[in-house]
Every structure is written in structure tokens, then in C-alpha cells.
Amino acid sequence: MFASGAADRGRARRERPRIHPAEKLLLTLVTIHLVFMPWALGAMHLPAQIASAVLAVLGFAVSLWPRTYTTEHTGGEAFRITPWPRLVRFPVFWIGLTLLGYVAMQALNPVWTYITDGKVFWMTRIKGSDWLPPGVWAPFEKWGPWRVFMVFGSAWLTACAVWTGFTRRRTLQILVGALAANGVLLAVLGVTQRMTHTNLIYWNFDFPGAVPFATFIYKNHGAEYLLLALAAACGLAAWFYFRGLRRMEKSNPSGVLAFAATFVAVAIVTSYARGATLTMLAYLLACIIGFVAHQLSLPKEHRRTPVLVVMLLVFGYFLNTGLEALRAGEAWERMKSGLTRQDLSWESREWASAATWEMIKDAPLTGRGAGSFQYVFPLYQHRDPKLVKSPSGSPMFWQQAHNDLLQYPAELGVIGCALIAAMLGWWLLHLVRSHFWENAFSVCLTGGLLSLLAYSWFDFPFQCPAILITWCVLWPVVALWTQLEEQRG
């Protein structure tokens, strides 16, 4: 009887439809793209952004190849599909294309130009068209509008490629698993840096004045990327756990994934990124409350109370041990000093946000131009002496507003931000129509994406291409997963 059961399971595995070769190729390109960026210093520099754009174009091209599905790919009748119609019916494709066109118009109509004598630079006002949205001109290597265009384009092409070219839940599962595993590896690197007391990335690259974490020059960006990895690990852990309940499996990968999420959470704490740590704690608390509420809603005979208590104790022990080994007390002290306003970190961000709001009010409809913040903000910075010099007396230069929810309106105006909001709104509407709250994976991943969006009021995660592109690509992933799960019933 047992041999027969094993044979039946073996046949079921063999008969599972294979992933189409074109979809495998697309999965490989998208995975390489998303995994590569954080290891390339967050793709903050031009060579990495060019490589990202090339991978995005290749992935988009592969997603549009016509496919012939044979019986080994369908488990039934053979058929042929042409992806173009699906892309044409995809609203995010057209909204994103309009946003790129808007950024291009800003870039082609500069009203400020970059001037340098080789030592310092300044901006000079020039005449632009009054009927086009304004922008700035800056050298391509200095991060101007065309660099923003390239990064936005990479995010848009990759998101469209995933939506158009991914047809199997197994494909999505592999991609999300790769992101979770990549996050664990980055967490290991970051924790090792803390244990060896180094500020050198890869123990070789030095960025004076920076406080790096893992492969990110800015520690907050490292922690923010790990928030996405944490959401991916929690989503997969929840999905495998509930699938195990339905199938009455004796074991599944949910425990390993929960341990991975615990380790990533420890790494976020030890990154000393206070806002990211608070966001992570709120996210995990929401996940735990939801999980406990679900368990309590089950009949007593279906609850796994003893197993869950043991798991919570084990993971709690590892969490506490890891935090003690990494001297997390210093991280908590830094967080306390920020919350109690013992340092000026959060206050200075409030001052910068107030100045950015003045920048918005001067050009609310069109904004000042994509990538223009660091070039135009000095006009508003000098209105507040607190933003000009640090407490030590050194001059301050604000490359970012430390508030993405204000910086994007300052650069893109109501027009550009309305396009971004329309894309986000379409994803949310699609999830609601698919009843995403009935799927544990979708709830966990959507919660993680929205948590990072809320956190961007206090920092600038979306100015890091590795974070922005990954965040954008995870929306079609969670939407497709929810849709495929709904079709399965």
C-alpha cells in the first residue's frame, strides 16, 4: 500500500506540466536582474544602471516572444499564444509609457543648466518653453533627468515583462524564493560587517562619511531592501504553512522560511536604521496578530497549538541570542535617542520636508523636473539657516529630501504623481477584485510593499534603483499570484 502511494505521488510529480522554455528564460533574466542590483552597491552608480537597463530590455523582448505550448507544458491540449494582446490590454503599460514621455519632456525643456569650474558647480537659469513642463540639464554621469528616465524605464519594462510573460505560479514562487534567499545572504554579509567592526563594503571599498550596511552605501537603504526580502520570506512561509494544513503534510519549508525571516529581522535591527527597524517591528507584529487570530478561528481539533508554542519559543530564543551577540543594545539606544529627539536626525528631516513643501508650492502642477532636487533645492535650503550648516559648522548639501512622498511631487508635480498613483491604484484595485485578503501570501507581500511606501515619508528608499525596481516588480508578482490562486479555487 505504501509503495503504491509513493508511486502515485511520483507519477503526480512527473505529470506536473513543465514551465515553457521561453518562460524559464524570462525567469532567469528577471531573477539575475533583481538579484544583481543590490550586490552592485544598490545600483546607485551608472554602470550598474546601464546593466539593469540592458537586462530589462532583454527581459521585455523575451516576454513578447510567441509561444507554442505542447502537452508537456499544459497537461492537456496544445495551443499557441501571442503575448502582444495581453500587453496592449495592460493599463500599467500605457500609464508607465505616459510617465516616461512626461519625464522626457521635462528633460528636453531645461530651465536650469549645470555649470562647473572643475572644483565646484552652480546652476544658471536659462530660457525654456512656457508650454512644456520644466526640467534641469546636468551631465548624465551626475544623475539628472535622463538617469531618472533610465531607472524608471527599467522598472516599467521589467514589471511589464513579468505581467506579460509569467503564466505559472511555480515561476512566481521561484522568483520570490530567490529574492528571499538573496535577502538572507545580504543579511549575513551585513551581520558579518557588524561583527568585524568594518565600514568597508566587501572589506575593500571605502566611502568616506558613509555608514554602509551589507552592499549598500547608505545603511537605511540596506535595511529597506531587507524589508522587501522579509516580506517575501513571510509570504512564502505563510503560503507553505497553510498549504500544509490543507494537505495534512507532516513537514514543509515554512519553518525554514520563518527562521530566515527571523534572521533578516535581526539584521535590520543591527543595521542601526531606526525608521526601518520600527517599520519592520510593526510589520512583524501585524503578521503575528493575523496568524494567531487565524489559529484561534480554527476548530480545536485543527489547531496546532503545541507545535506553534515550541516554534515561537525556538525562534524567540534565536532572535534574542542573535541580538545579544550583535550588541543590539546600541541599536536600541540609537533608536531611543531619535524618538526622544536627543539628536537632530529626525528634526532636520522635518526641516527639509518643510522646505521641500515650499518647493512644491512654487510649481505644483508640473514640478521642477525629474532628478532636479539636488540642483534646485539650494534655493529653498538657504531660506532656513538650520538647513545650511550642521551643528558642527560644516556646510550641508541635500541630495535628497529624505521624504520620497514629498520629493516626487517636487520633481514631477501633480501630473507626474497622478500617473504614479494611477498605476498603484490599478494594482490595488486588481488585488481587491481578486480577494487578496483570502490568500496569506498576498496579504504578507502586499503589507510589506505598503509598509515600505508608508516608511518613505521618513526616508528616500525609492531613490535607490535596487529598491525601486524590486518594489515595482513585486506588484505584478503579487497580483498574478492572487489571480492564479483565485482561479485554482
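The shown structure was predicted, so the numbers you read here are calculated from the model rather than taken from an experiment. (Residues numbered from 1 in each chain as written. Predicted model: local features only at pLDDT ≥ 70, side-chain atom pairs only at ≥ 80, totals over all residues. Heavy atoms only, no water.)

Peer 1: So what exactly am I meant to see when it comes to the environment of Val-376 here?
Peer 2: Within the secondary structure, Val-376 is located in helix H15 (residues 373–376). Exposure remark for Val-376: the relative accessible area of 1% places this residue in the buried category. Sequence separation between Val-376 and Glu-411 is 35 residues, and the spatial gap between their C-alpha atoms is 9.5 Å. With residues near it in sequence (within four places) discarded, Val-376 still touches Trp-112, Val-136, Met-359 and Arg-368. (Helix = DSSP H or I, 4+ residues; strand = E, 2+ residues; numbered from the N terminus. Buried < 20%, exposed > 50% of the residue type's maximum accessible area, 1.4 Å probe, protein only. Contact = heavy atoms within 4.5 Å.)

Peer 1: Mind showing me how you'd approach the pattern of salt bridges here?
Peer 2: Where charged atoms from two side chains of opposite charge come close, those side chains can pair. One pass over the structure, following the stated rule, counts eight salt bridges. Connected via shared salt-bridge partners are Asp-362, Arg-368 and Arg-383. (Salt bridge = Lys/Arg side-chain N within 4 Å of Asp/Glu carboxyl O.)

Peer 1: It is not clear to me how a nonpolar patch on the surface should be interpreted in this structure. Could you clarify?
Peer 2: There is a patch of nonpolar side chains on the surface, built from Trp-84, Val-88, Trp-94 and Leu-97 and spanning about 400 Å² of accessible area. Counting residues per element, the ones that place at least two in the nonpolar patch are helix H5 (84–88) and helix H6 (91–107). Classification of Trp-94 as partly exposed rests on a relative accessible area of 42%. (Patch = residues over 30% accessible without salt bridge, like charges linked within 9 Å, V, L, I, M, F, W, Y side chains within 5 Å. Areas by Shrake-Rupley, 256 points an atom, 1.4 Å probe, with all protein chains shown as cover.)

Peer 1: How do you make sense of the packing of aromatic side chains when you look at a structure like this?
Peer 2: Centre-to-centre distance and the angle between the planes together describe a pair of aromatic rings. All told, the structure shown has 29 aromatic pairs when counted by the stated rule. Plain terms: the ring middles of Phe-90 and Trp-163 are 5.1 Å apart, the flat faces sit at 10° to each other, and that makes the pair stacked. Placement of the pair is Phe-90 in the loop between H5 and H6 and Trp-163 in helix H7 (residues 145–165), with a sequence separation of 73 residues. Taking 5.7 Å as the distance between ring centres and 85° as the angle between the ring planes, the aromatic pair formed by Trp-471 and Trp-475 counts as edge-to-face. On the criterion of helical spacing, the pair formed by Trp-471 and Trp-475 is a turn pair, its members being four residues apart in helix H19 (residues 465–488). Under the relative-accessibility criterion, Trp-471 is labelled buried at 10%. For the cation-ring pair, Arg-147 lies above Phe-140, with the distance from its terminal atom to the ring centre recorded as 5.9 Å. When the ring centre of Trp-351 is taken as origin, the NZ or CZ atom of Lys-386, which lies over that ring, is 5.1 Å away. (Phe/Tyr/Trp six-rings, centres within 6.5 Å; stacked < 30°, edge-to-face > 60°. Lys NZ or Arg CZ within 6 Å of the ring centre and 35° of its normal.)

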